[in-house]
Amino acid sequence: MKDLVLTPTITIKGETLLKVLRQACKKIAPVWPLENFVAVNPYLGLTDQKFETAAHNLARIGASHMTLPTSFYLNKIREGNITHQDLAAALYNKSAQKIAVDAFINHLELADNQVQESQTISTLIDVATQVTAKDWNRFVTSRISVWAASYFDHGQAMWIAADQQAGLFSAWKAEAAVDRTPEIAGLTGFRKAVSALPTDALKAVQSALSILEVSATDLPDYLHRLLLKVGGWSAHAARLDWDSELYGGQDGKLIEFLAVLICWEACLFQCLDTPVLRVMWLQAKKELSESLGQTEPDQALAEKLILQEAFDLAIQREIIEKFRKATNTPPRENTQVKAQAIFCIDVRSEVYRRNLELVDQGIETIGFAGFFAFPIKYIPIAHEVGEAQCPVLIKTGPILLEEISDPKANQQAYQSRILNRRVYQVWKSFRAGAISCFSFVSPIGLSYLPKLFTDSFGLTRPVPHPDQAGLKSKYSKNKNISLEVAIHHHETVGIPLEERIQMAKNALSAMSLTENFGTFVLIVGHGSTTVNNPYATGLDCGACGGHTGEANARAAAAILNDAAVRKGLIDEKMVIPDNTVFLACLHDTTTDEIHIFNEQEVPFNQHEALLDLKKTLAQAGHATRTERAVRMSIDKNVDTEIKGRSKDWSQVRPEWGLAGCHAFVVAPRARTQNLDFGGRSFLHSYEWKKDNGFSILELIMTAPMVVTSWINLQYYASTVDNKLFGSGNKTLHNVTAGLGVLEGFSGDLRVGLPLQSVHDGENYQHEPVRLKVIIEAPIPAMNAILEKHESVRNLCDNEWIHLFKMDEEGQVSHRYSGNLTWEAFGTTQV
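Residues numbered from 1 in each chain as written. Predicted model: local features only at pLDDT ≥ 70, side-chain atom pairs only at ≥ 80, totals over all residues. Heavy atoms only, no water.

Caption draft 1: Main features of the overall build of the protein chain. Per the secondary structure count, the protein chain includes 31 helices and 21 strands. The C-alpha extent of the protein chain, read off along each of the three principal axes, is 90 × 75 × 55 Å. In the protein chain, buried positions account for 55% of the 830 residues. A sequence separation of at least 24 residues applies to 72% of the contacts in the protein chain between residues at least 6 apart. (Helix = DSSP H or I, 4+ residues; strand = E, 2+ residues; numbered from the N terminus. Buried < 20%, exposed > 50% of the residue type's maximum accessible area, 1.4 Å probe, protein only. Contact = heavy atoms within 4.5 Å.)

Quick look at the structure:
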């Protein structure tokens, strides 16, 4: 795809047009495609603003909501979840006027039935819709989406209409100049207007803006409004820029897309130009200018922000009280434990970990980011390129190949996958062919009846199980990862021994697991198994880039079981006993079953202990399913019902994912072992006294803390404003371009989560609460990290997350109050 060369030559009152465009584009958060749908903070480009300021600006510019309706909070007050004490504290913190709690509640109840809408700025197309009484917004969004789906198509379409090799703006201009649809819809002369635009994107923007006559002062908000109106495709272009910049490239895709949006406005203006439209457009620009002076939220929004603050304080109070009542687990005797299980910090792991420790108190669990500090790029058998198995915040590390230990079996597996792929491509061509599709639907379609029947009753799966997709099950148990250095399609793959030793040292140090190793150490990645679910990868591991954690668990176990690596670790003062076996495992979060991949590496004399471990895992899985069943309203046949959801193609809620997440605890497991967080807290094991120089703390605060805030804020935004930051009704989804979904047959690419992921039809399963991060570490160390990393400090200073300190007694003792100051509970700032 041709990159845009952007030359900052056009100036607007001393600033380049390019700079203004780029600043607008940086306010749009990226969205990842369905093949690796990772959670993203939709407010990512606004975190340099206070939470309340962003709420005001989004309401003014994008008609967006950052709270739920007042009725939600009033119900919480009636139910006793929000207390008068919480409201009093929120009013003290956020209200400019002194008002009694009871008077505030009475005012809210009287105002709750009144319709209150914030004033939102208008674009030219908004004004044209109002003047002509024709929904030009819907029409323009539809035309842009049709073109964008073709241009960005990622292997779904048989025929590609757009020239994907051309620059984004050039491709749009070439197609729009011959597209008769706008003229049929009433935009006479549209093709002529498009053809008259300069071919250079920046010059075209300048030409369009001279037609629209938007002032330089108003331009940033106007551009932000345009991007929010087609937020889905804007977010996709932002993701392309994100990936390019991560690996040392340049941005430009979203700037070009913004140029398309501006030119649509100008061309539509030229086609519909009437005196009435001009007068109304002048009025809209006047209102835009006036809105810039409105720096504070209107009364209705300010009141809802106070209620949101009170709700956050209520959850904060509950969490602090939970720790206050907890009893710390005494340290174990210095003897080898049965097993240690390293889980992802994911909130779903919290439930399983707690039940596993209850079933067998001889097992310790550890929480760590699910890529286990092995940021690999994993290439499956018969693939030329692989996928990044690490958080999207960081670059990938070594490239590793999937293999089967038996060379003959490896070759058979290679040929099997190649054959399956070729057959699939032929079959796809036959089904979608212009002529052959009729034969497929009629006579051949009847042959699908038996499969349709068995799939509908859960006897078979509509699609292969993820563990067996593309590879016969007889090979799946023998899969391995090659660590040897080699050349694969002109790329170096594998990991040299010295690098393996260093990676093993870094991983074990970050996990605070440098001594007292158990007989078994389970490295438990996680993934999900669902069918008929475009958002399936959104239930997989975000720390693994939207993939399951299998590859990372296999890589970690292979390296840590390597005798040469263990010998090298002795020099690093890390001695792993000879009888310790690292087991690569995968936690299926839909069925709560744990699969062990490398059982064959367990010595014969430990087979009985392995069988006992597998029984314990099965019992913990049953206990976890029983607990989850309550939330799913399942009261009988728990195991059958929950496992059945993984292959039920009519199930819109196969699991609740990370709905409800509202806390992130970074502390030794002893602080949380006796606490029930109900699957709502991320848990990261960390012992600050072992962290010389606080490099591990810095890693936690700049990676897992940021990622968990992304997850929390994605769920938050999908709950409070599903129209703009969610993806609507899952039952209406249609996959487009192999990238995302449309809600229905047309419209913008949807971002965020479906309604069914946050609401059960009666109640919210995710309630809007900002993440409460509780870290057991010295305040000076945390302050030093905040001072060093501006983006992380913005999250805390501007109250996108709430940061707390835990003391050495396991109690939450301080709250971060901004500007590197902390407030001790019951005392003053420190």
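Caption draft 2: View of the environment of R348. With respect to the helices and strands, R348 occurs in helix 17 (residues 347-359). Distance from R348 to E655, taken between C-alpha atoms, is 10.0 Å for residues 307 residues apart in sequence. Excluding anything up to four places from it in sequence, R348 contacts H526, L539, D540, H587, T589, E655, G657 and L658. In terms of polar contacts, R348 uses its side chain to reach the backbone carbonyl oxygen of L539, at 3.0 Å. Separated by 2.8 Å, the side chains of R348 and E655 make a polar contact. (Polar contact = N/O pair within 3.5 Å; in protein donor to acceptor, adjacent residues only side chain to side chain.)

Caption draft 3: Structural detail: the sheet that holds strand 13 (residues 593-596). With respect to topology, five strands assemble into an open sheet ordered 4-3-11-12-13, the strand pairing being mixed. The open sheet is flanked by strand 4 (363-368) and strand 13, the only strands paired with a single partner. Going across the sheet, the axis of each strand differs from the next one's by a mean of 30°, ignoring polarity. Pairing geometry for strand 3 (residues 339-344) and strand 4, over six bridges, is parallel. Residue pairing for strand 4: I342 is matched across the bridge by I366. (Pairing = 2+ DSSP bridges. Axes fitted to C-alpha atoms, helices over the stretch in contact; angles between N-to-C directions.)

Caption draft 4: Structural context of the packing of aromatic side chains. Enumeration over the complete set of coordinates arrives at 27 aromatic pairs. Residue placement shows K322 over the ring face of F677; its charged tip is 5.9 Å from the ring centre. When the ring centre of F51 is taken as origin, the NZ or CZ atom of R770, which lies over that ring, is 4.0 Å away. (Phe/Tyr/Trp six-rings, centres within 6.5 Å; stacked < 30°, edge-to-face > 60°. Lys NZ or Arg CZ within 6 Å of the ring centre and 35° of its normal.)

Caption draft 5: Spatial organisation of the pattern of salt bridges. Scanning all chains against the criterion turns up 42 salt bridges. In this structure, the salt-bridge partner of R348 is E655, at a minimum N-O distance of 2.8 Å. Of the two residues, R348 sits in helix 17 while E655 sits in the loop between helix 26 (638-645) and strand 14 (663-666), which places them 307 residues apart along the sequence. Per residue, the accessibility class of R348 equals that of E655, and both read buried. Salt bridges here are not isolated pairs; linked through shared partners, they connect E52, K94, E799 and R815. (Salt bridge = Lys/Arg side-chain N within 4 Å of Asp/Glu carboxyl O.)

Caption draft 6: Expanded view of unusual backbone geometry. In the Ramachandran plot, N532 falls in the positive-phi region, its phi being about 50° despite a non-glycine side chain. Among the structural elements, N532 can be located in the loop between strand 11 (520-527) and helix 23 (550-560). Of note in this structure, E799 is not a glycine but carries a positive phi near 65°. On the secondary structure map, E799 appears in the loop between helix 31 (790-797) and strand 19 (802-806).

Caption draft 7: How the structure looks around the packing of helix 8 (residues 168-176) against helix 14 (residues 253-271). Where helix 8 meets helix 14, the closest approach of the two axes is 8 Å, and the angle between their N-to-C directions is 30°. The orientation of helix 8 relative to helix 14 falls into the category roughly parallel. Residues L168, F169, S170 and W172 of helix 8 form the contact with helix 14, whose participating residues are K253, E256, F257, A259, V260, C263 and W264. Partitioned by chemical class, the residues of the contact of helix 8 with helix 14 number eight nonpolar, one polar and two charged. (Parallel < 35°, antiparallel > 145°, perpendicular 65-115°, else oblique. Nonpolar A, V, L, I, M, F, W, Y, C, P; charged D, E, K, R; others polar.)

Caption draft 8: Layout of the pairing of strand 20 (residues 812-818). In terms of residue burial, strand 20 counts as a mostly covered element, since six of its seven residues are buried. One ladder, built from three bridges, connects strand 19 with strand 20; its direction is antiparallel. Directly across from K805, in strand 20, lies its bridge partner H814. The antiparallel hairpin formed by strand 19 and strand 20 contains five residues in its connecting segment, where G810 sits at a positive phi of about 85°. Looking at chain direction, strand 20 and strand 21 (residues 821-824) are connected through four bridges and run antiparallel. Across the sheet, the residue bridging to G818 is T821, located in strand 21. With antiparallel pairing between neighbouring strands as the criterion, strand 20 and strand 21 make up a hairpin whose turn holds two residues, including N819 at a positive phi of roughly 55°.

Caption draft 9: Structural view of the sheet that holds strand 18 (residues 772-775). Reading across from one edge, 15-14-18-19-20-21 is the order of the six strands in this open sheet, with mixed pairing throughout. In the strand order of this sheet, the two ends are held by strand 15 (681-684) and strand 21, each with one partner. Between one strand axis and the next, the sheet turns through 25° on average, direction left out of account. As defined by bridge partners, strand 14 adjoins strand 18 across four bridges and the pair is classed as parallel. Bridge pairing links V666 to I775 in strand 18.

Caption draft 10: Here's a closer look at a nonpolar patch on the surface. Judged by side-chain polarity, L446, L449 and L452 come together as a nonpolar surface patch covering roughly 300 Å² of accessible area. Among the residues examined, L452 registers a relative accessible area of 42% and is labelled partly exposed. (Patch = residues over 30% accessible without salt bridge, like charges linked within 9 Å, V, L, I, M, F, W, Y side chains within 5 Å. Areas by Shrake-Rupley, 256 points an atom, 1.4 Å probe, with all protein chains shown as cover.)

Caption draft 11: Main features of the packing of helix 6 (residues 124-132) against helix 15 (residues 275-291). Running from N to C, helix 6 and helix 15 point in directions that differ by 130°, and their axes come no closer than 10 Å. Relative to helix 15, the element helix 6 lies oblique. Remark: the crossing between helix 6 and helix 15 carries right-handed chirality. Along the contact surface, helix 6 presents L124, V127, A128, Q130 and V131, while helix 15 presents V276, L277, M280, W281 and A284. (Left-handed = near helix turned anticlockwise from the far one by under 90°.)

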